[in-house]
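# Descriptive structure summary
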Amino acid sequence: MTTVIDGKQVAASVIDAVKSASETLTNETGVKTGLAVVIVGNDPASHAYVGAKGRMAKECGFTSVQHTLPEDTTQEELAALVQTLNADEALHGLLVQLPLPKHLNSEPIIQSILPEKDVDGLHVVNAGKLATGDLDGGLVSCTPAGAMVFVKRTHGEDLSGLNAVVIGRSNLFGKPMGQLLLAANATVTIAHSRTKDLAAVCRGADILVAAVGRPEMVKVDWVKPGATVIDVGINRIAAPEKGEGKSRLVGDVAFEEAAKVAGVITPVPGGVGPMTIAMLMANTVIAAYRKAGRKAPKF
């Protein structure tokens with residue numbers, strides 16, 4: 001029987017652990033965990049995400065700060081706000097919601113966030129710590145960190161002897177995911193659009209992670225029987241069966257057919273998605289513990 005991972009349930013268990021850690025820190029040190037989110041412009045999807053992050057931060061007992069800036073905000077104004085938030089001792093986590101409006105350059109903004117407050121895990125210092133295997137010194141990008149929770153709950157902390165294939169080599173997901181798997185002793189292949197005979201490479205995977213943004217690209221004959229399949233893709237496709245002009249969300253894996261052979265599989269939606277905000281909260285409380293000179297909890 002294939003196990004379908006319930007991402008909402010796993011995310012809820014992470015949030016429970018974050019609440020407990022946050023409360024403990026406050027009780028023992030008087031420090032209240034603080035998270036600031038900056039959003040620029042009027043993108044409805046971004047506002048929905050930011051709203052969800054703010055609500056979750058409050059639920060975790062954090063101080064939650066949101067700065068909403070107009071669409072015509074200049075690079076200098078945004079940079080100045082980031083510096084102000086960097087200097088605020090009450091804030092342990094800071095993120096700037098992406099994408100920014102087209103006239104703004106996101107990279108220098110992201111790199112200007114203090115690495116120890118970079119709860120999105122996008123600063124080159126945090127990427128570098130992960131690349132050198134320093135998992136306790138940096139902050140790990142939220143989506144791969146969330147996917148890794150699924151892997152470890154399925155296979156345990158030590159992945160020795162397991163072959164892992166990550167399809168996709170993005171800085172946001174593919175590379176950090178590969179490094180997390182490597183740090184847990186898996187034998188890792190990072191595959192991508194230029195990989196020769198991709199299906200054959202995938203068939204050798206005990207752990208197969210798809211993050212390419214191509215709807216239902218991974219077919220049943222790409223999946224090794226009994227493999228753990230983590231689907232990070234979120235793609236909107238036409239769904240005429242729901243009515244004219246309707247659409248539905250699918251992953252990078254053809255779920256219905258792959259679920260017939262996989263041992264463990266994540267659905268889309270309801271798999272990796274809920275974990276991203278949960279791991280953002282985990283990163284924020286980890287940052288607060290480190291600032292207070294305490295040993296950070298593991299999630």
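We now turn to the structure provided with this report. (Residues numbered from 1 in each chain as written. Predicted model: local features only at pLDDT ≥ 70, side-chain atom pairs only at ≥ 80, totals over all residues. Heavy atoms only, no water.)

### A closer look at the sheet that holds strand S6 (residues 187–191)
Taken in spatial order, the six strands of this open sheet run S1-S11-S8-S7-S5-S6, and their pairing is parallel. Sheet topology places strand S1 (3–4) and S6 at the edges, where each strand pairs with a single neighbour. Pairing of strand S5 (residues 163–167) with strand S7 (residues 207–210), which is carried by four bridges, proceeds in the parallel orientation. Among the inter-strand pairings, Val166 is bridged to a residue of S7, identified as Val209. Its contacts with the sheet put helix H7 (residues 174–183) on S5, S6 and S7, and the angle it makes with S6 is roughly 170 degrees. (Pairing = 2+ DSSP bridges. Helix = DSSP H or I, 4+ residues; strand = E, 2+ residues; numbered from the N terminus. Contact = heavy atoms within 4.5 Å. Axes fitted to C-alpha atoms, helices over the stretch in contact; angles between N-to-C directions.)

### Some remarks on the nonpolar core
Counting 55 residues, the largest nonpolar core has Leu159, Met177, Leu181 and Met281 as the members making the most contacts within it. For this core, the element with the highest residue contribution is helix H10 (residues 273–291), accounting for eleven residues. Discounting residues that sit within four places of it in the chain, Leu159 has contacts with Met148, Val151, Leu181, Ala184, Asn185, Ala186 and Ile207. By size, the runner-up hydrophobic cluster in this structure holds 20 residues, among which are Leu198, Ala199, Ala205 and Met217. (Core = buried A, V, L, I, M, F, W, Y, C linked by side-chain atoms within 4.5 Å. Buried < 20%, exposed > 50% of the residue type's maximum accessible area, 1.4 Å probe, protein only.)

### Description of the pairing of strand S8 (residues 228–231)
Side chains Thr228 and Ile230 project from S8 onto one buried face, and the interleaved Val229 and Asp231 project onto a second face that is buried too. In this sheet, strand S11 (residues 264–265) lies alongside S8 in parallel orientation, the contact comprising two bridges. Residue pairing in the sheet places Thr228 in a bridge with Val264 of S11.

### Quick look at the pattern of salt bridges
One pass over the structure, following the stated rule, counts seven salt bridges. Note that Lys224 and Asp206 form a salt bridge whose closest N and O atoms lie 2.7 Å from each other. One end of the pair, Lys224, is in the loop between S7 and S8; the other, Asp206, is in the loop between helix H8 (198–203) and S7, and 18 residues separate them in sequence. A relative accessible area of 30% places Lys224 in the partly exposed class. Between Glu241 and Arg248 there is a salt bridge, with the nearest N and O atoms lying 3.5 Å from each other. Among the residues examined, Glu241 registers a relative accessible area of 59% and is labelled exposed. (Salt bridge = Lys/Arg side-chain N within 4 Å of Asp/Glu carboxyl O.)

### Details of a negative patch on the surface
Taken together, the side chains of Asp43, Glu71, Asp72, Glu76 and Glu77 present a region of like negative charge at the surface. Turning to its location among the elements, Asp43 is positioned in the loop between strand S2 (34–40) and helix H2 (44–59). Relative accessible area serves as the criterion here: at 36%, Asp43 is assigned to the partly exposed category. (Patch = residues over 30% accessible without salt bridge, like charges linked within 9 Å, V, L, I, M, F, W, Y side chains within 5 Å. Areas by Shrake-Rupley, 256 points an atom, 1.4 Å probe, with all protein chains shown as cover. Lys, Arg positive; Asp, Glu negative; His and termini not counted. Charge placed at Lys NZ, Arg CZ, Asp CG, Glu CD.)

### Some remarks on the sheet that holds strand S4 (residues 93–96)
The three strands lie next to each other as S3-S2-S4, forming an open sheet whose pairing is parallel. The strands lining the two open edges of the sheet, one partner per strand, are strand S3 (63–69) and S4. Adjacent strand axes in the sheet meet at a mean angle of 10 degrees, parallel and antiparallel pairs treated alike. Note: S2 against S4, four bridges, orientation parallel. Bridging from a neighbouring strand, Ala36 pairs with Leu94 of S4. Contacts from helix H3 (residues 75–87) reach S2, S3 and S4, with the element oriented near 175 degrees to S2.

### What about the state of the cysteines?
This model, assessed by the stated rule, comprises zero disulfides. Here Cys60 stays unpaired: no disulfide links it, and the sulfur of Cys142, its closest cysteine neighbor, is 13 Å away. Exposure remark for Cys60: the relative accessible area of 3% places this residue in the buried category. (Disulfide = S-S within 2.5 Å.)

### Digging into the packing of H2 against H10
In helix packing, the relevant descriptors are the interaxial angle and the interaxial distance, both defined with respect to the helix axes. Where H2 contacts H10, the axes come no closer than 10 Å and their chain directions differ by 50 degrees. Relative to H10, the element H2 is oriented oblique. Here H2 runs over H10; the crossing is right-handed. Residues Tyr49, Ala52, Lys53, Met56 and Ala57 of H2 lie in contact with H10, whose contacting residues are Ile277, Leu280 and Met281. Taken together, the residues of the contact of H2 with H10 break down into seven nonpolar, no polar and one charged. (Parallel < 35°, antiparallel > 145°, perpendicular 65-115°, else oblique. Left-handed = near helix turned anticlockwise from the far one by under 90°. Nonpolar A, V, L, I, M, F, W, Y, C, P; charged D, E, K, R; others polar.)

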